[in-house]
Protein chains: 8
Amino acid sequence: MNDTAILLIDHQVGLQALVKDFDTVGFQNNVLALASIAKELNLPVVITASVPEGPNGPLMPEILEMFPDVAVVSRHGEVNAWDNPEFRAAVKKTGRKQLIMAGIVTDVCVSFPALSAIEEGYQVFAAVDASGTFNEVVRYAAWDRMSQSGVQLMNWFSILCELTRDWRVHGPVMTDIILKHLPEYKNTMITFNQTQSTN
Amino acid sequence: MNDTAILLIDHQVGLQALVKDFDTVGFQNNVLALASIAKELNLPVVITASVPEGPNGPLMPEILEMFPDVAVVSRHGEVNAWDNPEFRAAVKKTGRKQLIMAGIVTDVCVSFPALSAIEEGYQVFAAVDASGTFNEVVRYAAWDRMSQSGVQLMNWFSILCELTRDWRVHGPVMTDIILKHLPEYKNTMITFNQTQSTN
Amino acid sequence: MNDTAILLIDHQVGLQALVKDFDTVGFQNNVLALASIAKELNLPVVITASVPEGPNGPLMPEILEMFPDVAVVSRHGEVNAWDNPEFRAAVKKTGRKQLIMAGIVTDVCVSFPALSAIEEGYQVFAAVDASGTFNEVVRYAAWDRMSQSGVQLMNWFSILCELTRDWRVHGPVMTDIILKHLPEYKNTMITFNQTQSTN
Amino acid sequence: MNDTAILLIDHQVGLQALVKDFDTVGFQNNVLALASIAKELNLPVVITASVPEGPNGPLMPEILEMFPDVAVVSRHGEVNAWDNPEFRAAVKKTGRKQLIMAGIVTDVCVSFPALSAIEEGYQVFAAVDASGTFNEVVRYAAWDRMSQSGVQLMNWFSILCELTRDWRVHGPVMTDIILKHLPEYKNTMITFNQTQSTN
Amino acid sequence: MNDTAILLIDHQVGLQALVKDFDTVGFQNNVLALASIAKELNLPVVITASVPEGPNGPLMPEILEMFPDVAVVSRHGEVNAWDNPEFRAAVKKTGRKQLIMAGIVTDVCVSFPALSAIEEGYQVFAAVDASGTFNEVVRYAAWDRMSQSGVQLMNWFSILCELTRDWRVHGPVMTDIILKHLPEYKNTMITFNQTQSTN
Amino acid sequence: MNDTAILLIDHQVGLQALVKDFDTVGFQNNVLALASIAKELNLPVVITASVPEGPNGPLMPEILEMFPDVAVVSRHGEVNAWDNPEFRAAVKKTGRKQLIMAGIVTDVCVSFPALSAIEEGYQVFAAVDASGTFNEVVRYAAWDRMSQSGVQLMNWFSILCELTRDWRVHGPVMTDIILKHLPEYKNTMITFNQTQSTN
Amino acid sequence: MNDTAILLIDHQVGLQALVKDFDTVGFQNNVLALASIAKELNLPVVITASVPEGPNGPLMPEILEMFPDVAVVSRHGEVNAWDNPEFRAAVKKTGRKQLIMAGIVTDVCVSFPALSAIEEGYQVFAAVDASGTFNEVVRYAAWDRMSQSGVQLMNWFSILCELTRDWRVHGPVMTDIILKHLPEYKNTMITFNQTQSTN
Amino acid sequence: MNDTAILLIDHQVGLQALVKDFDTVGFQNNVLALASIAKELNLPVVITASVPEGPNGPLMPEILEMFPDVAVVSRHGEVNAWDNPEFRAAVKKTGRKQLIMAGIVTDVCVSFPALSAIEEGYQVFAAVDASGTFNEVVRYAAWDRMSQSGVQLMNWFSILCELTRDWRVHGPVMTDIILKHLPEYKNTMITFNQTQSTN
């Protein structure tokens, strides 16, 4: 956890119209769950957007509200965020060597910087359920390309668990994120707690 | 709209473990969207739960918070809510003849009272995306049985539109519900509004 | 419940190789759940098999064990069980007018006697998740044909609920069948009961 | 064909972000195929858009270019196009009693005017593959509601064939639309024609 | 069986490129199974093709070989076979009032003559697994339209069973068709017979 | 077989509400089949549960009954069972170097200890059909991560076959497990045996 | 082609009831297409069956007829065909180092000998569409395990093409197999040839 | 971009009848998008067809029109384009070492030359959404075989982005291709631009 940073790439409202491999409600939940992990565990976060003043639109407002102190790197041309010096500098400044990346679309905005970071010696994790794209064919091709290059594919829940490792230490954070973003688990907790309290 | 009531049946946290024909995040969003319609349009609401002190668990807390003044009808045995005199009385007391029903599970907790209400002369609408069950086989069998009996199958968004009919009259309510529960539309609105404001 | 009989048609082990619209483990669970409903509610049961000494094979042994006193009607040629006088007599002898039918394959062994019984004035319910066939195209064509003829499509769980109607009266039977055949619900009950007992 | 009009309802570029039950490339192809049928068979067309100056956006530009002489009915509040007097007048002015409707979203913008028109005695056909919505659950609920009210569900190709009926009369139009919108058939025609010409 | 005819409509090799709702190997098996039923039960057959000398191509050669004495009705323009006087005459000449239809594509070549025949008082059965079309959306829309008009949806196996009704009378024919077209059942029969013969 | 141990991780009734990539009936069957393999082949078994007195609930009762002499390792905080000294000690005590792991959820409770064990030089097999998680996206990402690290993905049936290798040696055990957990095979055996005995 | 042998493993009629990841008609077509490749290209073939006198049943009769001179290796216990000395000898006797394997079930009868052969230095190709198993989860786990061990995954059509390489040399064989097993291609050829001949 | 060539292999109209893993409209769109990338970025293109005067038919006419100056390599026997000296020469003549390949069918016409080129030291990218084949089983087997050999799997959009890298340099080309082939993005751009122009 002390060597990890989270990179949120182009989660812009206009670009979400390109995401068809997830239901939008579920996808936004995944993205915000990942952002909450960064927030609640105080991980360094690098956020970037591609031409947000154009048709791609601004970043999801919930992300902007969650990180009021993070300066969003607005790119004005580079497709691969890694090509943008400001972005690379922000990543470098975190001092972390384990990068968790998510973005829209998986095959470009996640895959390109993931491969670039691998080449520069970072350990890279793609948060695949907080990253979306056109369809399943594109998703699995992008996964294969990243995986064969050494990127590890993870989901937000396993990222949360890998970073926290122990309920005794991080129980409140884990519970808080689960209550907000994992309703199956929340439902179980509610019933359990009610039963406890009525006994 | 003046002749419509909404009936929320057994949206209990324990019963949600039986719902497999929807993703849980998406399903809860649908249920709360339907509840918001009732709330924001001031429709009479009847809420019931089956043995909420047992393994079925309490109602979704968000529903309880949304309707603090509605007395939940706790049933202690009747599977079909319509068999419960208190529930029938609550429905009758609304004075409405058009009943929109949703619940868990579709094939029992929605289908049974829907058929009972049809028999008593009500016009019944099943909110099928705020109602869940075990799998698609069960879902479509339940749909067919209801449809052949005269129940009309609708989704929360078409219910919202049918009740409001005109953006000039109900625009703020429609927008509010869409911003909370329909992120595809919300995304479009954000981009549009940003563009407007920056011009 | 006092006017209902359950008809189990050709649930033979050899014929199950034709059932591809359900996973076999799940399908057998559904069939045995329906059989348990008949058993535990003491409903009259009519069981038939088509040439069980041939490649169709014997009935599922669990069914035979469950109803040791029911004389299985072995048909030696009639595809439609309703064409067999012994079967029709057995149905008539139950004195019931509501017939719940399940069998293999849905499009023949359920659909044919269902349509025949409708014509003779019975009220017919097809237990669609205890009935299997070649694929989904055949399933939904058979459903449509039955539905348009007045057959009501139900699943074993909604049949259980419609017959019992009240947990206060039939709670033990309902619980027993759920514990054996509906593991999602069973899991919830186990956690609940453990919590209760440890308080 | 002499008693038919085609109604294109809210095929706006912003609303297409709500359509998830079709691939966008395929969906736009279906919409334009239906529009081409109207164009090439000189059927009267009524086109409407809901608040096109807002986030819903303008109509697909290809539709506007195809019908430069049709005055688009811009609605500024009515969800159901049938509630708009200008729209109803435009339909009435066609003098046709068979209405083919398509639009976004199926469960609202098609279903509502379809039911309204049925009530007023029109014969209504929903062009279901030129109409899109959120997901398959919503699609099939909307289909069921329309179908039970007497709306006939068709696709653009069967509409083309029902209107033209005879290759000897309408062969050029049929071929033209097929070449543009049905590549499977086009491929067959190309091979055939090449073979012919090289012999 | 004495009042039934089978109509095979446009099962042409070129048109099969339009059929995407079935795997081609499985679809051809279904078509030939239906044709075999007609052949082996000596049912009257009416066969038609649309412009077979053009890109639609000739009928499947297996069909032509199976019915050397049936004069194929070549249509040179009529989309709906029922619009062709020669076809209607051939149907009428069979003297049968129950028509089983199959063809390519379901939504046009089956649906149109099915509706026409219903209007003229025939009882019509669509053999839905020997009829193919572009995709599932089109298939289910066509099913709904036919079903609501009174067409009964069946599959080749249930047609075989409904026509033969009794293994003691038609066992050899049923077995023969099953051995050729239903490998799941064939496999069961082989094992059974081997076991028998080795005992 | 002499170098293999089976690790059952967090198959708790409360956690099963998180498993959506399998039907619950089928999933429990797979888990119990794997457990039966351990039981009937006398393989050493290590069982652990995460906070079973909390909302995760107790282990599946069938597992507890099957291994009355195995001391369940209750973890009170460690997400990765491998972080728990008692668990590691139990694994080490088996003296086996080939570890077959299954658990809930795949991406955490299986993947984490699998990677840990690989790092320590064990040969690891994930029993992927006795391990469940939220959805297919998460499942396949977890598979990819494990596979790229050297974990071999297997299913319970291939594990059974790899361990037994020869029907002449282990026929009774294989048959027993198949009769309980693989109904397709059981059905074939029943027909075969009946035929044998009646000859 | 001169260094290739084809191994057909346990394509027995009883075992086909276990194959659920393919439609049976399509699966048998794939198996026979692969067998035809061996037959028509005169490749050495090794065929084995597991206890064919028991419930697994005999090999598909079409395979037996196709290779009357090949002595089938009947195994009486070994699950992995490679454990059977007679089978290994038959493979060795072919003198080939490239082995194409297919069988039922993929995860056992293909995967086990494939891994064994790889270990002994053979180059192994799994004909994945002529190999079947319980479901897609098992299929893809087996694929992954084989692929990671160096087995190359192919389908019968690409095997045919890789072996023949040139239509000028092997055109008649390729055409013959395509006409029998690839109806999409056959349809195209029929239309083309008819057009040719009528010009 | 200066070291890249695009190879279009056997995108013939007759062969498209073999492509079932994509909708035809969407597939042709993908193929033409890839061709447009080559065209608009002035990349060297090598185009080949297998026996285009036979049933495979001519190349898609849109491709031929797009590259009037490219001499199509007509092969008269070689299945693997790489076996054709003229094709190899054309590739060599481009002087590029990064080859992007697409074709019909994926498992043969793409996979074979991809593996051949890898062996000769080229870096190979398969454009998987501009390559089609019989079904998903074949697609994913072919992907696995290519991926394990070092071929990188990409889609046309990520290829476009990887080649252009910067909107400031290649914005017009990117926009042009997106407007023609990516309607989701086009829709967003239209709304944005309209809003801009009306302010």
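Thresholds, definitions, all that
- Residues numbered from 1 in each chain as written.
- Chains lettered and ligands numbered in written order.
- Predicted model: local features only at pLDDT ≥ 70, side-chain atom pairs only at ≥ 80, totals over all residues.
- Heavy atoms only, no water.
- Contact = heavy atoms within 4.5 Å.
- Buried area = accessible area lost by both parts, 1.4 Å probe.
- Salt bridge = Lys/Arg side-chain N within 4 Å of Asp/Glu carboxyl O.
- Polar contact = N/O pair within 3.5 Å; in protein donor to acceptor, adjacent residues only side chain to side chain.
- Helix = DSSP H or I, 4+ residues; strand = E, 2+ residues; numbered from the N terminus.
- Least-squares fit on C-alpha atoms with pLDDT ≥ 70 in both.
- Axes fitted to C-alpha atoms, helices over the stretch in contact; angles between N-to-C directions.
- Parallel < 35°, antiparallel > 145°, perpendicular 65-115°, else oblique.
- Nonpolar A, V, L, I, M, F, W, Y, C, P; charged D, E, K, R; others polar.
- Pairing = 2+ DSSP bridges.
- Expected span 1.5 Å × (residues − 1).
- Buried < 20%, exposed > 50% of the residue type's maximum accessible area, 1.4 Å probe, protein only.
- UniProt positions renumbered as here; feature names shortened; annotations may be inferred.
- Right-handed = clockwise from strand over helix to strand, strands pointing away.

Engineer: Can you break down the interface of chain A and chain H residue by residue, with the values?
Structural biologist: Contacts between the two partners involve 27 residues from chain A and, on the opposite side, 28 residues from chain H. Taking both sides of the interface into account, the surface hidden between chain A and chain H amounts to around 2,300 Å²; carbon and sulfur atoms contribute 60%. Where chain A packs against chain H, one counts 4 salt bridges. The residue Lys20 of chain A makes a salt bridge to Glu184 of chain H at a minimum N-O spacing of 3.1 Å. Counting across the interface, chain A meets chain H through 11 residue pairs in polar contact (both at pLDDT 80 or more).

Engineer: How would you summarise the interface of chain E and chain D if you had to cite specific residues and measurements?
Structural biologist: Across the boundary between the two partners, chain E contributes 27 residues, which contact 28 residues of chain D. In total, about 2,300 Å² of surface goes out of reach between chain E and chain D, with carbon and sulfur atoms giving 60% of it. When the buried surface of chain E facing chain D is broken down by residue, Pro55, Val137 and Arg145 of chain E rank first, second and third, together holding 25% of it. Here chain E and chain D share 4 salt bridges between them. Taken together, chain E and chain D are joined by 11 residue pairs in polar contact (both at pLDDT 80 or more). When contributions to the side of chain E that touches chain D are tallied by element, the ones reaching two or more residues are helix H4 (106-119) and helix H5 (136-148) of chain E.

Engineer: I'd love a proper account of the relation of the copies chain E and chain D, names of residues and values included.
Structural biologist: Between the two chain copies there is a screw-like relation: a rotation about an axis and a shift along it. For the pair chain E and chain D, the best superposition has an RMSD of 0.0 Å and corresponds to a rotation of 90° with a translation of 0.0 Å parallel to the axis. These values place the two chain copies in the arrangement generated by a four-fold rotation axis. Ranked by how close their C-alpha atoms come to the rotation axis, the residues of chain E are headed by Gln148 of chain E, at 5.9 Å. By residue overlap, the copies meet through two different surfaces: only 7% of the interface positions of chain E are interface positions in chain D.

Engineer: Explain the arrangement of the chains to me, using residue names and the numbers behind them.
Structural biologist: The least C-alpha distance between chain A and chain E, which are not in contact, is 18 Å. No interface is formed between chain C and chain H, the nearest pair of C-alpha atoms being 18 Å apart.

Engineer: Can you break down the relation of the copies chain A and chain H residue by residue, with the values?
Structural biologist: With an axial shift of 0.0 Å and an RMSD of 0.0 Å, the rotation relating chain A to chain H amounts to 90°. Interface overlap between copies: only 7% of the residues of chain A at the interface are likewise at the interface in chain H, consistent with a contact formed by different surfaces.

Engineer: Please set out the packing of helix H4 (residues 106-119) of chain H against helix H5 (residues 136-148) of chain H residue by residue, giving values where relevant.
Structural biologist: Residue and element names in this part refer to chain H. Following both chains from N to C, one finds H4 and H5 inclined at 5°, their axes separated by 10 Å at the closest point. Comparing the axis directions of H4 and H5 gives the class roughly parallel. Between H4 and H5, the residues in contact are Thr106, Asp107, Val110, Ser111, Phe112, Ala114 and Leu115 and Val138, Ala142, Arg145 and Met146, respectively. Here the residues of the contact of H4 with H5 sort into 7 nonpolar, 2 polar and 2 charged.

Engineer: Explain the environment of Asn2 of chain A residue by residue, including any values.
Structural biologist: Relative to the helices and strands, Asn2 of chain A resides in the segment before strand S1 (4-9). As for Asn2 of chain A and Leu163 of chain A, which are separated by 161 residues in sequence, their C-alpha atoms are 9.1 Å apart.

Engineer: Outline the sheet that holds strand S4 (residues 98-103) of chain H, supporting the account with residue identities and numerical values.
Structural biologist: All names here are of chain H. Judged by pairing direction, the sheet is parallel, and its 6 strands sit side by side in the order S3-S2-S1-S4-S5-S6 without closing on themselves. This sheet does not close on itself; its edge strands, each paired only once, are strand S3 (73-75) and strand S6 (152-154). This sheet shows a mean twist of 25° between the axes of neighbouring strands, independent of strand direction. Bridge count between strand S1 (residues 4-9) and strand S2 (residues 45-50): 4 bridges; the pairing is parallel.

Engineer: Please set out helix H4 (residues 106-119) of chain A residue by residue, giving values where relevant.
Structural biologist: For H4 of chain A, spanning 14 residues, the distance from its first C-alpha to its last is 18 Å, which sits close to the expected 20 Å at 1.5 Å a residue. Those residues of H4 of chain A that sit buried are Thr106, Asp107, Val108, Cys109, Val110, Ser111, Phe112, Pro113, Ala114, Leu115, Ser116 and Ala117 of chain A. For H4 of chain A, the elements touching its buried residues are S1, strand S4 (98-103), strand S5 (123-127) and helix H5 (136-148) of chain A together with S6 and helix H6 (156-164) of chain H. Two residues or fewer after H4 of chain A comes Gly121 of chain A, characterised by a positive phi angle close to 95°.

Engineer: So, the side chain of Asp107 of chain G: which residues are in play, and what are the values?
Structural biologist: Here Asp107 of chain G is to be found in helix H4 (residues 106-119). Within the structure, the side chain of Asp107 of chain G is placed 2.6 Å from the side chain of Thr133 of chain G, a separation counted as a polar contact. Not counting residues within four places of it along the chain, the set of residues in contact with Asp107 of chain G comprises Asn155, Phe157 and Ser158 of chain F together with Phe112, Thr133, Phe134, Val138 and Ala142 of chain G.

Engineer: Lay out the environment of Gly57 of chain E with the relevant residues and their values.
Structural biologist: Turning to its location among the elements, Gly57 of chain E is positioned in the loop between strand S2 (45-50) and helix H2 (61-66). Overall, the relative accessible area of 0% leaves Gly57 of chain E in the buried class. Taking the C-alpha atoms as reference points, Gly57 of chain E and Gln16 of chain E, separated by 41 residues in sequence, lie 9.5 Å from one another. Filtering out sequence-adjacent residues up to four positions away, Gly57 of chain E remains in contact with Gln12, Val13, Gly14 and Pro52 of chain E together with Thr191 of chain G.

Engineer: I'd like a description of the sheet that holds strand S3 (residues 73-75) of chain A, backed by residues and values.
Structural biologist: Think of a sheet as strands paired side by side through backbone hydrogen bonds, with each pair either parallel or antiparallel. Residue and element names in this part refer to chain A. Judged by pairing direction, the sheet is parallel, and its 6 strands sit side by side in the order S3-S2-S1-S4-S5-S6 without closing on themselves. This sheet does not close on itself; its edge strands, each paired only once, are S3 and strand S6 (152-154). The average undirected angle you get between the axes of adjacent strands in this sheet is 25°. Examined bridge by bridge, strand S2 (residues 45-50) and S3 share 3 bridges and lie parallel to one another. Bridge assignment links Ser50 to a residue of S3, and that residue is Arg75. Helix-sheet contacts for H4 involve S1, S4 and S5, and the interaxial angle to S4 is about 165°.

Engineer: Before we move on, can you summarise the UniProt feature "domain: Isochorismatase-like" (unreviewed entry) in chain A with the specific residues and values?
Structural biologist: Under the feature "domain: Isochorismatase-like" (unreviewed entry), the UniProt entry names residues 4-155 of chain A. As a span, residues 4-155 of chain A carries 39% helix and 19% strand, and end to end its C-alpha atoms are 15 Å apart.

Engineer: Any chance you could break down the pattern of salt bridges for me, citing the residues and the numbers?
Structural biologist: Going through the model one piece at a time under the given rule, you end up with 88 salt bridges over all chains. The salt bridge involving Arg145 of chain D is made with Glu162 of chain B; its shortest N-O contact spans 2.9 Å. With Arg145 of chain D in helix H5 (residues 136-148) and Glu162 of chain B in helix H6 (residues 156-164), this pair bridges two chains. Overall, Glu162 of chain B belongs to the partly exposed group, its relative accessible area being 27%. Note that Asp21 of chain F and Arg139 of chain F form a salt bridge whose closest N and O atoms lie 3.0 Å from each other. Of this pair, Asp21 of chain F sits in the loop between strand S1 (4-9) and helix H1 (24-40) while Arg139 of chain F sits in helix H5 (residues 136-148), placing them 118 residues apart in sequence. Like Arg139 of chain F, Asp21 of chain F is buried. In this structure, a network of salt bridges that share partners links the residues Asp21, Glu136 and Arg139 of chain A.

Engineer: Break down the pairing of S4 of chain H for me, citing the residues and quoting the values.
Structural biologist: Residues and elements named next belong to chain H. With respect to burial, S4 is a largely interior element, 5 of its 6 residues being buried. Where S1 meets S4, 6 bridges bridge the pair, whose relative direction is parallel. Bridging from a neighbouring strand, Leu8 pairs with Ala102 of S4. For the crossover that starts at S4, traverses H4 and ends in the parallel strand S5 (residues 123-127), the hand is right-handed.

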